[in-house]
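What follows is the residue order along each chain.
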Amino acid sequence: MIIPSVFWLVPIASVVALAMAWFFFTQMIKESEGTPRMAEIASHVRKGAMAYLKQQYKVVLYVFIVLAIIFAFMAYVLGVQNPWVPFAFLTGGFFSGLAGFFGMKTATYASARTANAARQSLDGGLKIAFRSGAVMGLTVVGLGLLDIAIWFLVLSHFYHGDNMALVTITTTMLTFGMGASTQALFARVGGGIYTKAADVGADIVGKVEADIPEDDPRNPATIADNVGDNVGDVAGMGADLYESYCGSILSTAALGATAFSMSGDMQMRAVIAPMLIAAVGVFLSLMGIFLVRTKEGATMKDLLHSLSLGTNVAAVLIAVAAIVILYLLGIDNWLGLSFSVITGLAAGVIIGQATEYYTSHSYKPTQKISEAGLTGSATVIIKGIGTGMISTCIPVLTIGVAILLSYMCANGFDLTMSAESISHGLYGIGIAAVGMLSTLGITLATDAYGPIADNAGGNAEMSELGEEVRHRTDALDALGNTTAATGKGFAIGSAALTALALLASYIEEIKIAMIRAMESGQEFIHPLTQKMFDPTTATMPDFMEFFQVNLMNPKVLVGAFIGAMAAFLFCGLTMEAVGRAAQKMVEEVRRQFREIAGILEGKATPDYGSCVEISTRAAQHEMIFPSVLAIIIPIIVGCVLGVAGVLGLLVGGLAGGFTLAVFMANAGGAWDNAKKNIEEGNFGGKGSFAHKATIVGDTVGDPFKDTSGPSLNILIKLMSMVSIVMAGLTVAFI
């Protein structure tokens, strides 16, 4: 097995991405933080964010140690697991956490500098915020490609000469995705609970009851709110998309190893193709990042156009690059696979545009929610829920069309459902997911930009920089709300395609586990023919028949119901967690307003530390049960209902979780921007009856869009990853 020299483009791209992330970081650090007051506020937020992350990583470390010991026991004692899995699991979690840490560190340094740049011009503020967000995007893709390249080279060395080397290598590498997913879920859930407890508490008591502006320094919860933006929307999102990015590349590589297992050199080309497309995407993302700029007095549509120019140029160029890469590799049906990549890219753009339409106050859906504020908070909530539900149509139909098109393009529109047709079609779905995520360097930059702009606005408000500066930071913040919603839609869409590719990878892992069990003396009898079943020669349809994976099998149906239920259960638990934490925050803010004389007159300083402590404790305590539940459910289903039940679970979780996640992210984003629309002077402006009604809607939407909704795409993939890692245990119960 010889690794082609072109593979070295992957580690080179990872080094370039990390080097450019460092360049953007150092350029940002050279900028001034502004006045001493601005620097002081930024320092409080930075210290709070780092203190929280340190505590979170301690909790996650204990969970990882326990899981690594379990995997080591399965590998070295029970013999039902690949011996590399415990190490792959740990590195996946480590790199995922590292990506979130670097992104958040950058964001906490960038917010005051963005606010200070906005004192001179809108373009100056946009550039600092966006390029600081690009540090997160480039760090995620750089560390992801580095992790993949290292493991591929190490495992290729140890499995050299094995006739199933590439299948074993790629399925083993998939397991580091579980480490990344586990870390991402803790980061998303913990960060989401932290930020929304503070945000809801600050809004209810500050804006609604005390009638003071958002981010007012008199509000004791305002520092905790700004800290939360970083730990939830930056560190959490970075860890989330790190595992999406790696999962799409690795699942596609695993499907390529299977689809072309009888094609000699073609197998290696199919394995490295997704890695090369992702590597070229790094360079094209950089080109897109440098295109983002705007002019003074830009409208919301102008600002959206500035960001869209960078992302769309990168998307078009990667489509052309993918065609060239697949052609030069000489892969069978390279043109069809190129169209699969383009399908994934197009799906990402369409989902992003649909999300923008339903969440930006430049368009009617969000404007109608603002208008509903004229009749009270109840109509705002009803209208927002309805808008969120309707907004699921375009993303779901887009993903459905993308699945069908990428499948058929990859197998030459062969509808015979033969083993070869299915394996090639599934490889097409996987490479479509890679296409969608190939420009993650810039698409994640647009997402990480959001909380940086939000914190910049908070800094400007607390530092009393004046109306003109606050107007610029408000424009950047409103843009950030839309880009964050777009980023969440993009992350959810990529999760759907990646999870589908992981379904096929699960069957491959079951196959390897059955071969390992046969070598230990276990025999498998076909339930229909009562003859010996040989997994070494079986195709995917053979496995479907052996495990009776069909809609008439109650195990499949029960699994599907449990999967759909898991999405709602998970959301319910995280929503309630935010509610409990927010109650404590509201009580603390009310207590300070009541007991500390002179706060509302600006004569006394609030106790910011107590609010930070409430959010920290709540997040640490509340994140454990929902996160562990996501790991336990697939294990129990696998042991009780077997492979058929697990496949049902994953399909139900994917269908229910994807739709619910889109609904929650879009409803929350629309409520937030409906409030921003009124704050710009529409329907009565700040302090009006309609404004207070939309604040209530925004408060309800906060955990929708920043805690439960975005955590669902990790839940979908984590259940798939856990199923893959636990395949050996599931087979042992057959």
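For the structure, see preceding data.
Presented here is an overview of the structure given in this document. All values derive from a computational prediction rather than experimental measurement. (Residues numbered from 1 in each chain as written. Predicted model: local features only at pLDDT ≥ 70, side-chain atom pairs only at ≥ 80, totals over all residues. Heavy atoms only, no water.)

### Thoughts on the pattern of salt bridges
According to the stated counting rule, one finds 20 salt bridges in the structure shown. Between Arg46 and Glu33 there is a salt bridge, with its nearest N and O atoms 3.6 Å apart. Highlighted residues: Arg46 in helix α2 (residues 36-78) and Glu33 in the loop between α1 (9-30) and α2, separated in sequence by 13 residues. The exposure classification of Arg46 matches that of Glu33, with both residues buried. The salt bridge involving Asp199 is made with Lys196; its shortest N-O contact spans 2.9 Å. Taken together, the residues Asp199 and Lys196, both in helix α6 (residues 176-209) and 3 residues apart, mark about one turn of the helix. On the accessibility criterion, Asp199 (8% relative accessible area) is buried. Put simply, Lys196, Asp199, Asp672, Lys675, Lys676, Asp698, Asp702, Lys705 and Asp706 are held in one network by salt bridges that share partners. (Salt bridge = Lys/Arg side-chain N within 4 Å of Asp/Glu carboxyl O. Helix = DSSP H or I, 4+ residues; strand = E, 2+ residues; numbered from the N terminus. Buried < 20%, exposed > 50% of the residue type's maximum accessible area, 1.4 Å probe, protein only.)

### A short note on a nonpolar patch on the surface
Together, Phe73, Tyr76, Val77, Leu78 and Phe87 make up a nonpolar patch on the protein surface, roughly 530 Å² of accessible area in all. Counting residues per element, the nonpolar patch draws most heavily on α2, at 4 residues. Counting through the fold element by element, Tyr76 comes out in helix α2. (Patch = residues over 30% accessible without salt bridge, like charges linked within 9 Å, V, L, I, M, F, W, Y side chains within 5 Å. Areas by Shrake-Rupley, 256 points an atom, 1.4 Å probe, with all protein chains shown as cover.)

### A short note on the packing of helix α10 (residues 334-359) against helix α13 (residues 393-410)
Put simply, α10 and α13 touch, their axes get as near as 8 Å, and they point 175° apart. Viewed along their axes, α10 and α13 adopt a mutual orientation that is roughly antiparallel. Facing α10, whose interface residues are Gly336, Leu337, Phe339, Ser340, Thr343, Ala347, Ile350, Ile351, Ala354 and Tyr358, α13 presents Ile394, Pro395, Thr398, Ile399, Ala402, Leu405, Ser406, Cys409 and Ala410. In terms of residue class, the contact of α10 with α13 is built from 14 nonpolar, 5 polar and no charged. (Axes fitted to C-alpha atoms, helices over the stretch in contact; angles between N-to-C directions. Parallel < 35°, antiparallel > 145°, perpendicular 65-115°, else oblique. Contact = heavy atoms within 4.5 Å. Nonpolar A, V, L, I, M, F, W, Y, C, P; charged D, E, K, R; others polar.)

### Some details on the environment of Phe547
Within the element layout of this structure, Phe547 appears in the loop between α17 (540-546) and α18 (554-595). Through-space distance from the C-alpha of Phe547 to that of Ile41 is 60 Å; in sequence the pair is 506 residues apart.

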